[in-house]
Amino acid sequence: GNSVTQMEGPVTLSEEAFLTINCTYTATGYPSLFWYVQYPGEGLQLLLKATKADDKGSNKGFEATYRKETTSFHLEKGSVQVSDSAVYFCALKGYGGATNKLIFGTGTLLAVQP
Amino acid sequence: NAGVTQTPKFQVLKTGQSMTLQCAQDMNHEYMSWYRQDPGMGLRLIHYSVGAGITDQGEVPNGYNVSRSTTEDFPLRLLSAAPSQTSVYFCASSFGDRATEAFFGQGTRLTVV
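This write-up is about the structure you can find in this document. Predicted model only: the values in this text are computed from it and were never measured. (Residues numbered from 1 in each chain as written. Chains lettered and ligands numbered in written order. Predicted model: local features only at pLDDT ≥ 70, side-chain atom pairs only at ≥ 80, totals over all residues. Heavy atoms only, no water.)

Residue and element names in this part refer to chain A. Residue alternation in strand E2 (residues 11-14) divides its side chains into a buried set, Val11 and Leu13, and an unburied set, Thr12 and Ser14. Summarising the sheet, E2 and strand E12 (residues 108-113) pair through four bridges and their orientation is parallel. The partner of Ser14 across the bridge, within E12, is Gln113. (Buried < 20%, exposed > 50% of the residue type's maximum accessible area, 1.4 Å probe, protein only. Helix = DSSP H or I, 4+ residues; strand = E, 2+ residues; numbered from the N terminus. Pairing = 2+ DSSP bridges.)

Listed below in C-alpha cells is the structure:
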C-alpha cells in the first residue's frame, strides 16, 4: 500500500540556517504530494503541494520538488526563522476510491533558536 | 469562512463513557475523514467518507463509529471510551480528486481517565 517516510526529529537549527527535511514515498501510479505544517496548539495547514513529477511546490520561502526517479519530496528553506518552529508532515494522496485517502508521515519537529 | 469546524476543543471522559465528536464543513466537500494524532505516530486514519451515506474504515477503526447523513456533517462516536483513545483528533475534508488538498479542523484533545 501507499506509505510515506520522513526523517525523524527533532531538528534544531539556528536562525538563518538552511533547512532540509527528507521525505520519501511508496505508491502505485502517480500520487500528489503535500507538505503540511502544524504550529503549536493548532490544526494542520497546507504548506505546499506538487501534483506531478518534476513539479516544484513553493510557499513562504519553502520549496519541495516531486522527484519520481527517487520517490522523494524533500522540504527545503534557505534561511529559517524562529516563527518556522512547528511540526512538518509529508503526505501523499493517490487516485480515487479507497486510494483517495491522505497518507501521512510521522512528522518532523523543527525548533529554530534565535 | 468557517471551513472545518470541530467541537469540542477539549474533553475529559471516564473509561466506559461514550461521546460524539462533531465535525462540520461548509465547502461542499464530498470527502471527509477522521484522524488521530499520537506522539511519534503521525496522523492515522480512523474512518472516512466519500459522500453522504457512504463510510469506510481507515487504519485504526476499532472503538469508533461514524455516519454521514449530510454532506456537511461527519460525527465520530466513541462507543465505550478507553485510556488508549486518549489522543488529539482531527477532522478533515476535501474534494475527491487527488490533486486537491485537505482542510483540517482545529482538533479535539481527548483524555480518557
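With that settled, consider the pairing of strand E3 (residues 19-25) of chain B. Side chains on a regular strand alternate between the two faces of the sheet. Residue and element names in this part refer to chain B. Here E3 shows a buried face lined by Met19, Leu21, Cys23 and Gln25 and an unburied face lined by Thr20, Gln22 and Ala24. With three bridges joining them, E3 and strand E8 (residues 76-78) adopt antiparallel strand pairing. Within E8, the position partnered with Thr20 by the bridge is Arg77.

Here the focus is the interface of chain B and chain A. Accessible area lost on assembly of the parts is the figure often given for the size of an interface. Between chain B and chain A, the residue contacts involve 22 residues of the former and 23 residues of the latter. Both sides of the chain B and chain A interface together cover about 1800 Å² of buried area, and 51% of this is carbon and sulfur. Between chain B and chain A we count one salt bridge in total. Across the salt bridge formed by Lys49 of chain A and Glu101 of chain B, the nearest N and O atoms sit 3.0 Å from each other. For the interface between chain B and chain A, the tally reads six residue pairs in polar contact (both at pLDDT 80 or more). Sort the elements by how many residues they give to the side of chain B that touches chain A and strand E5 (residues 42-51) of chain B lands first, with four residues. Residues that form the side of chain B that touches chain A fall into these classes: 11 nonpolar, eight polar and three charged. (Contact = heavy atoms within 4.5 Å. Buried area = accessible area lost by both parts, 1.4 Å probe. Salt bridge = Lys/Arg side-chain N within 4 Å of Asp/Glu carboxyl O. Polar contact = N/O pair within 3.5 Å; in protein donor to acceptor, adjacent residues only side chain to side chain. Nonpolar A, V, L, I, M, F, W, Y, C, P; charged D, E, K, R; others polar.)

Remember that the coordinates give geometry; whether it matters functionally is a separate question.
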